[in-house]
Amino acid sequence: MFYQLIYHSRFTARTSGALSMVRDILQTSQDNNHRDNITGFLVFDKSSFVQILEGDQAVVDATYARIVKDPRHDGLTLIETRQVAARAFPEWSMGGFIRSPEVHHIYARHGLASGMEPETLTADQVVALATDLLAFEQARQGQRIIDVMSR
């Protein structure tokens, strides 16, 4: 069994460098989570994060405690904690996705066409959205590899 923690928060940065800061958060998360054997996924939509953390309960809880203190997050709200039989993102120390127009159809499929309102999402909805975004990215990466190889 694995422990899964899902939360949402607001991003406090309102500068032109906000996307760079989100990428920095993602990179730092990947490094720390790899070290701590945590997997998960981070979705950023305009000014909101939803994140899934999974691994050993004590380590995940300690990670969440660090995030709570991070001044780049505000209004952290725990959506759910639960035991799961398997990791949803076993190969990702922290996958991540920043909303872009090319994935509008994925958000629309999840009832989020006009924007993500994380306070209305259930844990299962967050995991389903993240899984679909990850599948989209993996397919896109596969297509890029095919495009390069066919040249």
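One can find the structure itself at the top, above this paragraph.
Structural notes, computed from the coordinates. Per chain, residue numbering runs from 1 following the sequence as it is written. Local features are withheld for residues below a pLDDT of 70 in this predicted model, meaning they are given only at 70 or higher, and side-chain atom pairs are given and counted only at 80 or more; totals for whole chains, interfaces and linings count all residues. Only hydrogens and water are removed before side-chain values are computed, so all heavy atoms of the structure are retained for them.

Quick look at unusual backbone geometry
Among all residues save glycine, negative phi is the norm, and among peptide bonds the norm is trans.
Phase 1 of the analysis: In this model, Asn37 sits at a positive phi of 60 degrees, which is unusual for a non-glycine residue.
Phase 2 of the analysis: Considering the arrangement of structural elements, one finds Asn37 in the loop between α1 (18-36) and β2 (39-45). Here a strand is any run of E in DSSP of at least two residues, a helix any run of H or I of at least four, and the numbering for each starts at the N terminus.

Some details on helix α2 (residues 57-69)
Residue pairs spaced three or four apart in an α-helix point in one direction, given the helix's 3.6 residues per turn.
Phase 1 of the analysis: A helix is expected to span 1.5 Å for every residue after the first. Over its 13 residues, α2 runs 19 Å from end to end, which matches the ideal 18 Å to within 8%, given 1.5 Å per residue.
Phase 2 of the analysis: Three labels apply to residues, based on accessible area from a 1.4 Å probe with only protein chains included: buried if under 20% of the type maximum, exposed if over 50%, partly exposed otherwise in between. Taken together, the buried positions of α2 are occupied by Val60, Thr63, Tyr64 and Ile67. Buried positions in α2, seen along its axis, are confined to an arc of 100 degrees and lie on one side of it. Along α2, exposed side chains directed more than 90 degrees from the buried face belong to Ala58 and Lys69.
Phase 3 of the analysis: We call two N or O atoms a polar contact when they sit within 3.5 Å, provided that within protein one can donate a hydrogen and the other can accept it, with sequence-adjacent residues counted only if both atoms are side-chain atoms. For α2, the capping residue at the N-terminal end is Asp56, with a side-chain oxygen 3.2 Å from the backbone nitrogen of Ala58. Note: the arc covers the axis-to-C-beta directions of the helix.

Quick notes on the environment of Ile6
Phase 1 of the analysis: Among the structural elements, Ile6 can be located in strand β1 (residues 2-11).
Phase 2 of the analysis: Look at Ile6 and you get buried, because its relative accessible area is 0%.
Phase 3 of the analysis: For Ile6, the contacting residues outside a window of four places in its chain are Gln51, Ile52, Leu78, Ile79, Glu80, Arg82, Ala123, Val126 and Val127. The criterion used for residue contact is that any of the two residues' heavy atoms lie within 4.5 Å.

Here's the deal with the pairing of β2
Phase 1 of the analysis: Within β2, seven of the seven residues are buried, which leaves the element mostly enclosed by the surrounding structure.
Phase 2 of the analysis: Taking every second residue as pointing to the same face, both faces of β2 are buried, with Thr39, Phe41, Val43 and Asp45 on one and Gly40, Leu42 and Phe44 on the other.
Phase 3 of the analysis: Only when DSSP finds a minimum of two bridges between them are two strands counted as paired. Examined bridge by bridge, β2 and strand β3 (residues 48-55) share seven bridges and lie antiparallel to one another. Note that in β3 the partner of Phe44 across the bridge is Phe49.
Phase 4 of the analysis: Between the end of β2 and the start of β3, which pair antiparallel, lie two residues, with Lys46 showing a positive phi angle near 60 degrees.
Phase 5 of the analysis: Relative to strand β5 (residues 95-98), β2 is paired through four bridges, and the arrangement is parallel. When the sheet's bridge partners are listed, Phe41 is paired in β5 with Gly95.

Let's talk about the pattern of salt bridges
Phase 1 of the analysis: We define a salt bridge as a side-chain nitrogen of Lys or Arg found within 4 Å of a carboxyl oxygen belonging to Asp or Glu. Taken as a whole and judged by the stated rule, the model has ten salt bridges.
Phase 2 of the analysis: Among the salt bridges present, the one from Arg82 reaches Asp124, with a minimum N-O distance of 2.7 Å. Of this pair, Arg82 sits in strand β4 (residues 73-84) while Asp124 sits in helix α4 (residues 123-149), placing them 42 residues apart in sequence.
Phase 3 of the analysis: Look at Arg82 and you get buried, because its relative accessible area is 18%.
Phase 4 of the analysis: When its relative accessible area of 52% is taken as the criterion, Asp124 is described as exposed.

What about the nonpolar core?
Most often, soluble globular proteins have nonpolar side chains that are buried together.
Phase 1 of the analysis: As used here, the term nonpolar core means buried Ala, Val, Leu, Ile, Met, Phe, Trp, Tyr and Cys residues forming a set that is joined through side-chain atoms within 4.5 Å. In terms of nonpolar packing, the biggest core is built from 21 residues, with Phe41, Val43, Ile52, Leu129 and Leu133 touching the most fellow members.
Phase 2 of the analysis: Counting only elements with at least two residues in this core, the list comes to β2, β3, α3 (104-109) and α4.
Phase 3 of the analysis: Residues in contact with Ile52, not counting those within four places in the same chain, are Gln4, Leu5, Ile6, Thr39, Gly40, Phe41, Phe89, Met94, Val126, Val127 and Ala130.
Phase 4 of the analysis: By size, the runner-up hydrophobic cluster in this structure holds 17 residues, among which are Leu26, Phe44, Val60 and Tyr64.

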